[in-house]
Every structure is written in structure tokens, then in C-alpha cells.
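In case you want the letters, here they are:
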Amino acid sequence: MPILHTAASRPYDIAIGPGLLKEAGERSRLVNPKGTRVLLVSDSNVAPLYADKVANSYAAAGYRVTRFVFPAGEESKRLSTVAALYERLAADGLTRSDLIAALGGGVTGDMAGFAAATWLRGIDFVGLPTSLLAQVDSSVGGKTGVDIPEGKNLVGAFWPPRLVLADTEALSTLPPAVLSDGMAEVIKAACIKDAAFFSWLGERDALSPENRPETVARAVDIKRRVVEADEREAGERRLLNFGHTLGHALEAHSQFRLSHGRAVAAGMILVTRAAERKGLTVPGTADKIAFLLRRYGLPDGDETPPAQYLSHAALDKKRTGDTLSLVLLHTIGEGYVHPIPVDSLPAFTADSHVK
Ligand code: NAD
Ligand code: ZN
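Residues numbered from 1 in each chain as written. Chains lettered and ligands numbered in written order. Predicted model: local features only at pLDDT ≥ 70, side-chain atom pairs only at ≥ 80, totals over all residues. Heavy atoms only, no water.

### As for the overall build of the protein
1) Next: Helix and strand content of the protein: 12 helices and 12 strands.
2) Next: For 355 residues, the compact-globule estimate of 2.2 N^0.38 gives 20 Å, and the protein sits close to it at 20 Å.
3) Next: Overall, the protein is about 60 × 40 × 35 Å in size when its C-alpha atoms are taken along their principal axes.
4) Next: Counting every position in the protein, which comprises 355 residues, the buried fraction comes to 57%.
5) Next: Taking the contacts inside the protein whose residues are at least 6 apart along the sequence as the reference set, 74% of them involve residues at least 24 apart.
6) Next: Total accessible area computed for the protein in this model is approximately 14,400 Å², and 54% of it derives from carbon and sulfur atoms.
7) Next: If the 40 positive side-chain charges of the protein are averaged to one point and the 41 negative ones to another, these points end up 3 Å apart. (Helix = DSSP H or I, 4+ residues; strand = E, 2+ residues; numbered from the N terminus. Rg over C-alpha atoms; globule rule 2.2 N^0.38 Å. Buried < 20%, exposed > 50% of the residue type's maximum accessible area, 1.4 Å probe, protein only. Contact = heavy atoms within 4.5 Å. Areas by Shrake-Rupley, 256 points an atom, 1.4 Å probe, with all protein chains shown as cover. Lys, Arg positive; Asp, Glu negative; His and termini not counted. Charge placed at Lys NZ, Arg CZ, Asp CG, Glu CD.)

Structure representation (C-alpha cells):
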């Protein structure tokens, strides 16, 4: 079973493989020796499937377990849910030595992590990611937070977990559309850093039960390396934003009817096509990415003229003043940051929707 070690400001292990949820208690005990209580945070889809198994495991490791279950969905990732979570923490009497465990997708992890970062100015946090996106992306890197009406993820904190357990068996109950959505981030990771992994993904079904642990581990390893190089997003970490500038704009333009993974898939193609036309990317790169995206049920572009949605790119957090850090590929496996003035984004992307 792969165990990856991160050398963040507070180091932690990420274990990946089938059956890890039932070991949550004993493994958490090793990083949280003094805790007596754990609050298990989960959503209304995931809790019925896995919360009993996880709660039993914590009880067996000597914890008193209580639960906070909220309605599944991004709409729950807001301050009012966190306020209810604080009430639960207070009622259950969690102290500085106790533990919050996040069992679920990225919404659960971001919100439970934010509560852990702020409750008593910070208590131990364990990530038990159950969606592919959460296993390969949101549970790694220490970013936590919530949405406010003005925008997604505008309120948050850096709060690395003490431990992450990615149980690849849990992916079996994910709706197929949510699973393929997570593949967009896996393909993104391969695009920016790892040509061998990119080929590997094209040669087999990376989502079959026997291949899942390697798929998750290789994607996590890329994110881990990028984040370690740059924990607070000054340079290298920006590479993770490949496909996201146009992707976020498309997502917002669709009023979030287009899922994040599908929008990022399209965004990777659009920006790469534009870059090829300007001689900034080796020709044929967009076609290679498109082949892989189609293999995993993701869109290989978008026909909306960028002029219709680019206004949504202006609020992008990754912007510094009037310059946008666009992420491009020299070729597969070699991402780089290409700063451009915000004003020139329309010209840069003008024909990217045309094949
Ligand atoms: P999510 O948590 O809403 O999960 C997606 C859906 O899958 C939900 O309906 C959930 O109930 C369901 N689900 C999860 N695991 C399941 C399982 N094993 N079986 C059945 N159903 C399951 O969303 P997500 O796609 O996991 O994550 C998206 C969130 O992650 C966004 O809020 C985004 O902002 C955040 N995010 C954070 C970071 C970070 O660095 N912190 C990075 C990327 C994304
Ligand atoms: Zn993303």
C-alpha cells in the first residue's frame, strides 16, 4: 500500500489503498495519542454508506465518537454550516487534544478542515477523502475553507491534516459522473508534471479497482511535490491551475451547471489550442490531451466563443494586479507559467473554441 510522506510545515502521511476506512481509528491514534473525542464530519450521501464503519473503528481505538452530518452539496459549504459545526463541537466538549475527522468529498474536507483550523485556534484534523477529487486534490496541500455569496473559497485557512487515508474501495459507490469529474484533475496533474503517467493513463483503465491505488498515488505524488516546493502558492503551486482560468470562467458562465471537472477538461484544451497557435506549446499536444479526456468521459473542448464568458475570469483569485498567470505546457509533462496582461486574454483565446 503506498504511503506518501509530505514535508509540509507540519509533515503528514497520505496512505492510499483499499480498506483503509476501517483502520481509521488505530491509524489516527498514532498521530493523535492524547485525544479522547473525535467529531466525525460527513455529508448526507456519504454518512449512510461509511460513517458506522469509521465510527466503530474510532470507538475501538478508545475514542468517544460523535457525528455532524450536513446536507450533501456545495451549497452547504458556507459559514452557517460551520457555525452549526462549532455548536456541535462545543456541545460535545472537544478540547485542544481532540480530533476532527472529515469523511467525504472536497466539500466535507474543506469545511471540516476549516472548523479544525479555527476551533480553539486549531485542533488535529484527519482527512478520510471518499471522492476521487478529494483523494487526489483537495485533501492534499492543507487548504481549507468555505464559500461566501461573493465567491467560492474566499474564506479559509492553511491547516494541514495530521493524516490522510484515501480508501480506494470507497470510490466504488461514487456516481460515475462524479468519478469521471475527478479524472480531470488526475489528467491535469499528468499534463503539468509527468509524461510517463500521462501515457500510463492512456494505456489502461486507470479507474478499474486494481488500478485505482496506483492512479491515486501517482496523482497525489504530483500534487505533493508541487505543494512542497511552494506551500503558499507563490510560483510552482500555480501549475495546479492548468485549465482552471478558462475552466472557472466556463463554470461560472454556466451558472455552475457545468461541473468543475468538465469545465477544467474543456479549459485545458482551449488554453493549449490557443498556445499551440502562438508557438508556445508543441503542436499536437491538445490532441493528445483530448484523446485522454474522451477516454475518461470528459469533454475535449467547448464551442462557446470565449468572448461570451471571459468576463468571469477577471475575479480569478490567481490574478495579481492586472496580470494573469496563465498555465501552459511546453509539451506533455512540462507545465509553465506564462504571465499575460488581463486585457490580452480575449485576444489570446479568441479562436480556441474552433478546432
Ligand atoms: P463533494 O464533496 O460535494 O462530493 C461530490 C459528491 O459525491 C457529493 O454528492 C458527495 O456526497 C458524493 N460522494 C463523495 N464520496 C462518495 C462516495 N464514496 N460514494 C458516494 N457518494 C460520494 O465534492 P468533490 O467533488 O469531492 O469536491 C469539490 C470541492 O472540493 C469543492 O468545494 C472545491 O472547492 C473543493 N476543492 C478544494 C481543494 C483544496 O485544495 N482544498 C482543491 C480542489 C477542490
Ligand atoms: Zn480543480
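### A look at the environment of Thr-108
1) Next: Tracing the sequence through the fold places Thr-108 in helix 4 (residues 106-118).
2) Next: Look at Thr-108 and you get buried, because its relative accessible area is 1%.
3) Next: Residues Thr-108 and Leu-207, 99 residues apart in the sequence, show an inter-C-alpha distance of 23 Å.

### Description of the packing of aromatic side chains
1) Next: If you walk through the whole model with that rule in mind, you get three aromatic pairs.
2) Next: On the numbers, 5.4 Å between centres and 85° between planes, the contact of Tyr-58 with Tyr-63 is edge-to-face. As far as the burial class goes, Tyr-58 and Tyr-63 line up, both buried.
3) Next: Arranged with centres 6.3 Å apart and planes meeting at 20°, the rings of Tyr-86 and Trp-119 form a pair that is stacked. (Phe/Tyr/Trp six-rings, centres within 6.5 Å; stacked < 30°, edge-to-face > 60°.)

### Some words on the site of ligand 1
1) Next: With respect to spatial proximity, 26 residues lie near ligand 1, and among them Asp-43, Glu-74, Thr-130, Ser-131 and Thr-173 are the closest.
2) Next: Asp-110 places a side-chain nitrogen or oxygen 2.9 Å from a nitrogen atom of ligand 1.
3) Next: Between ligand 1 and Ser-131, the relevant distance is 2.6 Å, taken from an oxygen atom to a side-chain nitrogen or oxygen of the residue.
4) Next: Here ligand 1, which alone exposes 860 Å², has 84% of that area covered by the protein.
5) Next: For the shell around ligand 1, the secondary-structure elements that each account for two or more residues are helix 2 (46-60), helix 4, helix 5 (132-138) and strand 8 (151-158).
6) Next: For the shell around ligand 1, the per-class residue count stands at 10 nonpolar, eight polar and eight charged. (Near = heavy atom within 4 Å. Polar contact = N/O pair within 3.5 Å; in protein donor to acceptor, adjacent residues only side chain to side chain. Nonpolar A, V, L, I, M, F, W, Y, C, P; charged D, E, K, R; others polar.)

### Here we look at unusual backbone geometry
1) Next: One non-glycine residue with positive phi stands out, namely Arg-121, at about 60°.
2) Next: For Arg-121, the position within the fold is in the loop between helix 4 and strand 6 (124-129).
3) Next: Overall, Arg-121 belongs to the exposed group, its relative accessible area being 75%.

### Concerning the coordination of the zinc ion (ligand 2)
1) Next: Around the zinc ion (ligand 2), the donor atoms from the protein are Glu-185 (OE), His-244 (NE2) and His-260 (NE2), and they sit 2.0 to 2.1 Å away.
2) Next: The sequence pattern formed by the donor residues of the zinc ion (ligand 2) is E-x58-H-x15-H. Taken together, the positions of Glu-185 in helix 6 (residues 176-193) and His-244 in helix 9 (residues 244-253) put the pair 59 residues apart, joining distant regions of the chain.
3) Next: Owing to a relative accessible area of 3%, Glu-185 belongs among the buried residues under this scheme.
4) Next: On the accessibility criterion, His-244 (6% relative accessible area) is buried. (Donors = N, O, S within 2.8 Å, 3.2 Å for Na, K, Ca; no water.)

### Digging into the nonpolar core
1) Next: Within the largest apolar cluster, 69 residues are counted, with the highest numbers of intra-cluster contacts made by Leu-132, Met-183, Ile-187, Leu-201, Phe-242 and Ile-289.
2) Next: Per-element tally for this core: the top contributor is helix 10 (residues 260-277), with 10 residues.
3) Next: Contacts of Ile-289, omitting those with residues within four sequence positions, involve Ile-187, Cys-191, Phe-198, Phe-242, Ile-269, Thr-272, Leu-329 and Ile-332.
4) Next: Membership of the second largest hydrophobic core comes to 23 residues, among which are Ala-15, Val-46, Val-54 and Leu-99. (Core = buried A, V, L, I, M, F, W, Y, C linked by side-chain atoms within 4.5 Å.)

### Points about the pattern of salt bridges
1) Next: Under the counting rule described, the total for this entry stands at 19 salt bridges.
2) Next: Close ionic contact of Arg-88 with Asp-92 constitutes a salt bridge, the shortest N to O distance being 2.9 Å. Of this pair, Arg-88 and Asp-92 both sit in helix 3 (residues 79-92), separated by four residues, roughly a single helical turn.
3) Next: Owing to a relative accessible area of 9%, Asp-92 belongs among the buried residues under this scheme.
4) Next: Through salt bridges with shared partners, a single ionic network connects Glu-74, Lys-77, Asp-110, Asp-147 and Lys-152. (Salt bridge = Lys/Arg side-chain N within 4 Å of Asp/Glu carboxyl O.)

### Remarks on the sheet that holds strand 2 (residues 12-17)
1) Next: If you trace the seven strands from one edge of the open sheet to the other, you get 1-2-9-6-5-3-4, paired in mixed fashion. Each edge of the sheet is formed by a strand with only one pairing partner; in this case those strands are strand 1 (3-6) and strand 4 (64-70). Sheet twist, expressed as the average angle between the axes of neighbouring strands with direction ignored, equals 15°.
2) Next: The pairing of strand 1 with strand 2 spans four bridges and is classified as antiparallel. In the strand pairing of strand 2, His-5 is matched with Asp-13.
3) Next: Packing against the sheet, helix 2 makes contact with strand 3 (37-43), strand 4, strand 5 (99-104) and strand 6, and its axis sits at approximately 170° to strand 3.
4) Next: The strands that helix 8 (residues 212-229) touches are strand 1 and strand 2; relative to strand 1, the one it contacts most, it runs at about 10°. (Pairing = 2+ DSSP bridges. Axes fitted to C-alpha atoms, helices over the stretch in contact; angles between N-to-C directions.)

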